[in-house]
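Read off the chains here:
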Amino acid sequence: MGNWNNRLIELGITLPHVATPVGGYAPAVRSGSYVFTSGQLPFVGGTLPVTGKVGDSVDVDQAADLARTAALNALAAVDALVGIEAVVRIVKVTGFVASLPSFTGQAQVLNGASTFLHDVFGPAGIHARSAVGLAVLPLDSPVEVELQVEIAA
């Protein structure tokens, strides 16, 4: 384990407040040595900065930045549940990209989340990943990210 709070400070990153669930679910749950987050949208200050489809009104660079923000929001959910210092490693990232049927760059979009997690956690941030293209996401968000994180017992 590292000193993740110090790493966030070094990077100039502040964890945001966790979005309040709009249904019968939790932002994150713990099962044994793992935390699973619900899918997190790229909310900034309670609103989506961009909506629409990647490959149409949202370009790849914008979408990658939104994936980074969604991963940040997922980390905030982990922190609220167990504290970020409990993180041993990021195990898996699943990312969903609302895109046009002809768009095939979902992996490029999710690189925004993956690079961010590696920047924060170093080798402990290297993870398995799925990048899935969809027709639409909640609130017309271009991306959604969920994490599976191993934590200290």
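Below is a short write-up of the structure. All of these numbers come straight from a predicted model, not from anything done at the bench.

## A few points about unusual backbone geometry
Link 1 in the chain: Its identity as a non-glycine residue notwithstanding, Leu139 has a phi of 60°, on the positive side.
Link 2 in the chain: Along the chain, the position of Leu139 falls in the loop between strand E4 (128–134) and strand E5 (143–151).
Link 3 in the chain: You can call Leu139 exposed: its relative accessible area is 59%.
Link 4 in the chain: Residue Asp140 is not a glycine yet carries a positive backbone phi of 65°.
Link 5 in the chain: Overall, Asp140 belongs to the partly exposed group, its relative accessible area being 29%.

## A few points about the pairing of strand E1 (residues 28–31)
Link 1 in the chain: One ladder, built from four bridges, connects E1 with strand E2 (residues 34–37); its direction is antiparallel. Along E2, the bridge assignment pairs Ala28 with Thr37.
Link 2 in the chain: Counting the residues between successive antiparallel strands, the hairpin from E1 to E2 contains two residues, one of them, Gly32, with a positive phi of roughly 60°.

## A look at the environment of Ala76
Link 1 in the chain: Following the sequence through the fold, Ala76 ends up in helix H2 (residues 60–82).
Link 2 in the chain: Taking relative accessible area as the criterion, Ala76 reaches 3% and is therefore assigned buried.
Link 3 in the chain: Along the primary structure Ala76 and Val18 are separated by 58 residues, whereas in three dimensions their C-alpha atoms are 5.9 Å apart.
Link 4 in the chain: Not counting residues within four places of it along the chain, the set of residues in contact with Ala76 comprises Leu15, Pro16 and Val18.

## Quick word on the pattern of salt bridges
Link 1 in the chain: A full pass over the atoms with the stated rule returns two salt bridges.
Link 2 in the chain: For Arg7, the salt bridge identified is with Glu10, shortest N-O distance 2.9 Å. One end of the pair is Arg7 and the other is Glu10, both in helix H1 (residues 4–11) and three residues apart, which spans about a single turn.
Link 3 in the chain: Given the relative accessible area of 27%, Arg7 is considered partly exposed.
Link 4 in the chain: A residue is classified by how much of its surface remains accessible, and Glu10, at 58% relative accessible area, is exposed.
Link 5 in the chain: Note that Asp140 and Lys53 form a salt bridge whose closest N and O atoms lie 2.9 Å from each other. Of the two residues, Asp140 is situated in the loop between E4 and E5 and Lys53 in the loop between E2 and H2; the sequence distance between them amounts to 87 residues.
Link 6 in the chain: When its relative accessible area of 19% is taken as the criterion, Lys53 is described as buried.

## Regarding the sheet that holds E4
Link 1 in the chain: If you trace the five strands from one edge of the open sheet to the other, you get E1-E2-E5-E3-E4, paired in mixed fashion. What marks the edges here is a single partner per strand, and that holds for E1 and E4. On average, each strand axis in the sheet is inclined to that of its neighbour by 15°, with strand direction left out of account.
Link 2 in the chain: Note: E2 against E5, three bridges, orientation antiparallel. Residue pairing in the sheet places Phe36 in a bridge with Gln148 of E5.

## Here's the deal with the packing of aromatic side chains
The geometry of an aromatic ring pair is captured by the separation of the ring centres together with the interplanar angle, meaning the angle of the planes.
Link 1 in the chain: Inspection of every chain in the model, using the stated rule, returns one aromatic pair.
Link 2 in the chain: Aromatic side chains Trp4 and Phe121 sit 4.7 Å apart centroid to centroid with 70° between the ring planes, which places their arrangement in the edge-to-face category. Placement of Trp4 in helix H1 and of Phe121 in helix H3 (residues 106–121) is noted, with a sequence separation of 117 residues between them.
Link 3 in the chain: Accessibility expressed as a relative area gives 8% for Trp4, which makes it buried.

## A look at the side chain of Gln106
Link 1 in the chain: Looking at where Gln106 falls in the secondary structure, it is placed in helix H3.
Link 2 in the chain: The buried category is assigned to Gln106, whose relative accessible area is 12%.
Link 3 in the chain: A polar atom in the side chain of Gln106 sits 3.2 Å from the backbone oxygen of Phe103.
Link 4 in the chain: Excluding its chain neighbours within four sequence positions, the residues that come into contact with Gln106 are Val97, Ser99, Ala131, Val132 and Gly133.

What counts, and at which threshold
Residues numbered from 1 in each chain as written. Predicted model: local features only at pLDDT ≥ 70, side-chain atom pairs only at ≥ 80, totals over all residues. Heavy atoms only, no water. Helix = DSSP H or I, 4+ residues; strand = E, 2+ residues; numbered from the N terminus. Buried < 20%, exposed > 50% of the residue type's maximum accessible area, 1.4 Å probe, protein only. Pairing = 2+ DSSP bridges. Contact = heavy atoms within 4.5 Å. Salt bridge = Lys/Arg side-chain N within 4 Å of Asp/Glu carboxyl O. Axes fitted to C-alpha atoms, helices over the stretch in contact; angles between N-to-C directions. Phe/Tyr/Trp six-rings, centres within 6.5 Å; stacked < 30°, edge-to-face > 60°. Polar contact = N/O pair within 3.5 Å; in protein donor to acceptor, adjacent residues only side chain to side chain.

By themselves, these figures tell us nothing about what the structure is for.
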